[in-house]
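Chain and residue survey
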Amino acid sequence: MEYKDYYKALGVEKTATEADIKKAYRKLIRKYHPDVSKEADADKRTKELNEAYGVLGEAEKRSAYDQLGREQAAGQPFRAPPDWPSGSEASGGGDDYFADLFAHLGRRGRGGNFQMRGEDSHASIVIDLADSYHGATRGIGLRVPERDAQGRVVTRERTLNVSIPKGVTAGQQLRLSGQGQPGSGGAPAGDLYLEIQFKADPRYRIDGRDVFETVPVAPWEAALGAQIDVPTPSGTVSVTVPEHSKGGRKLRLKGRGIPGATPGDLYLLLELVLPPAHGAKARELYETMAREMAFNPRHTMGG
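Predicted model, so just to flag it, every value in this text is computed and none were measured.

Scanning the chain for helices and strands turns up eight helices and 11 strands. Here the chain, with 303 residues, has 39% of them falling under the buried criterion. Summarising the internal contacts of the chain: among those between residues at least 6 apart in sequence, 55% fall at separations of at least 24. Split by element, the accessible area of the chain, about 17,900 Å² in all, is 49% carbon and sulfur.

See below:
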């Protein structure tokens, strides 16, 4: 059995504070969580991170780990002190034995009555922008930790129905009570925190609660003005395009952004789209415009 450097696994120094360790764990677990990560070793890294934080995130276990690690280095052969649990008392040897030593140490240190609430877990959930406008219920598949009949932590596939509240924004976290890491000694499980991410959509750009939507318009709608219907995340709205509008003009619809105590605004960005010159009639119209309008789009360039 090899000694494991839990500080190295989390990317922190041995002098790191409790807050530093928790911050490093949360950052890495979001990156490597198997449900969202594209890394080839996501499952392995998630297990390593949970194991490392399970020890360094608890003061008593961290103290015991630090005492053991004074003369140890990662990858070196490791043998537990004589007064620690034997392999049969812990996991029976193998990869998990090193981590299980600390769990059994905690139980022995409290006369067999050791209880510890499970650690919180973190993952991401990707939703449509419309879900934020109206609220929704989404089923997500997760690999969640549970304790088996022998008290060992195993990973199982589960589907959770998650309620998406109206008005959530990107980066906001939803807390699912009791859906995190299992507790020890009958203690409750931790919580699961789901970070909201919006599904990529070329029509929209989101800034806080403000939403920017690109709206194609025909040249005559921009030049002459028009009343057009625009599909938006909150439903279709009728919008007036002012005459003499140019590409890139921004129309503000107050309060039609993401809902909230102070809702955001919806900004419509006009994009001029030219009809194709297919067919004799279309070409004739373009030729007439070229002759009669005397329009030079490069006049400001001196062309």
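Past the structure itself, the notes keep going.
Another point: the pattern of salt bridges. One side chain can pair with another of opposite charge once the charged atoms of both are near each other. What the rule picks out here adds up to eight salt bridges. Of the charged contacts in the structure, one is a salt bridge between D131 and R138, with a shortest N-O distance of 2.7 Å. Judged by its relative accessible area of 6%, D131 is buried. By relative accessible area, which is 34% here, R138 ends up partly exposed. Here D265 and R252 are joined by a salt bridge, their closest N and O atoms 2.9 Å apart.

Here we come to the sheet that holds strand β1 (residues 121–127). In a beta sheet, neighbouring strands are held together by backbone hydrogen bonds and run either parallel or antiparallel to one another. In spatial order, the strands read β1-β5-β4; together these three strands make up an open sheet with mixed pairing. Whereas interior strands pair on both sides, the edge strands pair on one side only; in this sheet they are β1 and β4 (173–176). Geometrically, the sheet is characterised by an average inter-axis angle of 30° between neighbouring strands, direction not taken into account. In this sheet, strand β5 (residues 192–198) lies alongside β4 in antiparallel orientation, the contact comprising four bridges. Counterpart to Q173 in the pairing with β5 is E195.

Moving on: the environment of G247. With respect to the helices, strands and loops of the structure, G247 is situated in the loop between β9 (235–241) and β10 (250–253). Expressed as a C-alpha distance, the spacing of G247 and L272, which sit 25 residues apart in the sequence, is 5.3 Å. In contact with G247, other than residues within four places in its own chain, are L270 and L272.

Here helix α8 (residues 280–292) spans 18 Å end to end across 13 residues, near enough to the 18 Å set by a 1.5 Å rise per residue. Note on α8: the residue one or two positions beyond its end, A294, has a positive phi of about 50°.

With that out of the way, let us pick up the nonpolar core. Ranked by size, the top nonpolar core spans 34 residues in total, and within it I125, V162, I164, L174, L194, V239 and L268 carry the most contacts. Tallying contributions element by element places β5 first for this core, with four residues. Beyond its immediate stretch of four places on either side in the chain, I164 contacts I125, I127, D131, G135, A136, R138 and L174.

Position of I125 among the secondary structure elements: in strand β1. In this structure, the C-alpha to C-alpha distance between I125 and Q173, residues 48 residues apart in sequence, is 9.4 Å.

This part covers the packing of aromatic side chains. Per the counting criterion, the structure on display carries two aromatic pairs. Both rings, one in Y25 and one in Y53, keep their centres 4.2 Å apart while their planes meet at 10°; by these two values the pair is stacked. Pair noted here: Y25 is in helix α2 (residues 18–32) and Y53 is in helix α3 (residues 42–56), with a separation of 28 residues, a long-range link. For Y25, a relative accessible area of 2% gives the class buried. Pairing F212 with Y267 gives two aromatic rings, centres 4.9 Å apart and planes at 15°, and the pair type is stacked. Here Y267 lies in strand β11 (residues 266–272) and F212 lies in strand β7 (residues 210–217), a separation of 55 residues in the sequence. Sitting above the plane of the Y32 ring, R45 keeps its charged end 4.8 Å from the centroid.

In the sheet, strand β6 (residues 204–207) pairs with β7 via four bridges, with the strands oriented antiparallel. Bridging from a neighbouring strand, I206 pairs with V211 of β7.

What follows covers unusual backbone geometry. Positive phi, close to 65°, is recorded for H244, a residue that is not glycine. Tracing the chain through its elements places H244 in the loop between β9 and β10.

Put simply, α2 and α3 touch, their axes get as near as 9 Å, and they point 165° apart. By the angle between their axes, α2 is roughly antiparallel relative to α3. For the crossing formed where α2 meets α3, the hand is left-handed. Seen from α2, the contacting residues are I21, K22, Y25, L28, I29 and Y32; seen from α3, they are A42, R45, T46, L49, N50, Y53 and L56. Among the residues making up the contact of α2 with α3, the classes are represented as nine nonpolar, two polar and two charged.

Calculation rules
Residues numbered from 1 in each chain as written. Predicted model: local features only at pLDDT ≥ 70, side-chain atom pairs only at ≥ 80, totals over all residues. Heavy atoms only, no water. Helix = DSSP H or I, 4+ residues; strand = E, 2+ residues; numbered from the N terminus. Buried < 20%, exposed > 50% of the residue type's maximum accessible area, 1.4 Å probe, protein only. Contact = heavy atoms within 4.5 Å. Areas by Shrake-Rupley, 256 points an atom, 1.4 Å probe, with all protein chains shown as cover. Salt bridge = Lys/Arg side-chain N within 4 Å of Asp/Glu carboxyl O. Pairing = 2+ DSSP bridges. Axes fitted to C-alpha atoms, helices over the stretch in contact; angles between N-to-C directions. Expected span 1.5 Å × (residues − 1). Core = buried A, V, L, I, M, F, W, Y, C linked by side-chain atoms within 4.5 Å. Phe/Tyr/Trp six-rings, centres within 6.5 Å; stacked < 30°, edge-to-face > 60°. Lys NZ or Arg CZ within 6 Å of the ring centre and 35° of its normal. Parallel < 35°, antiparallel > 145°, perpendicular 65-115°, else oblique. Left-handed = near helix turned anticlockwise from the far one by under 90°. Nonpolar A, V, L, I, M, F, W, Y, C, P; charged D, E, K, R; others polar.

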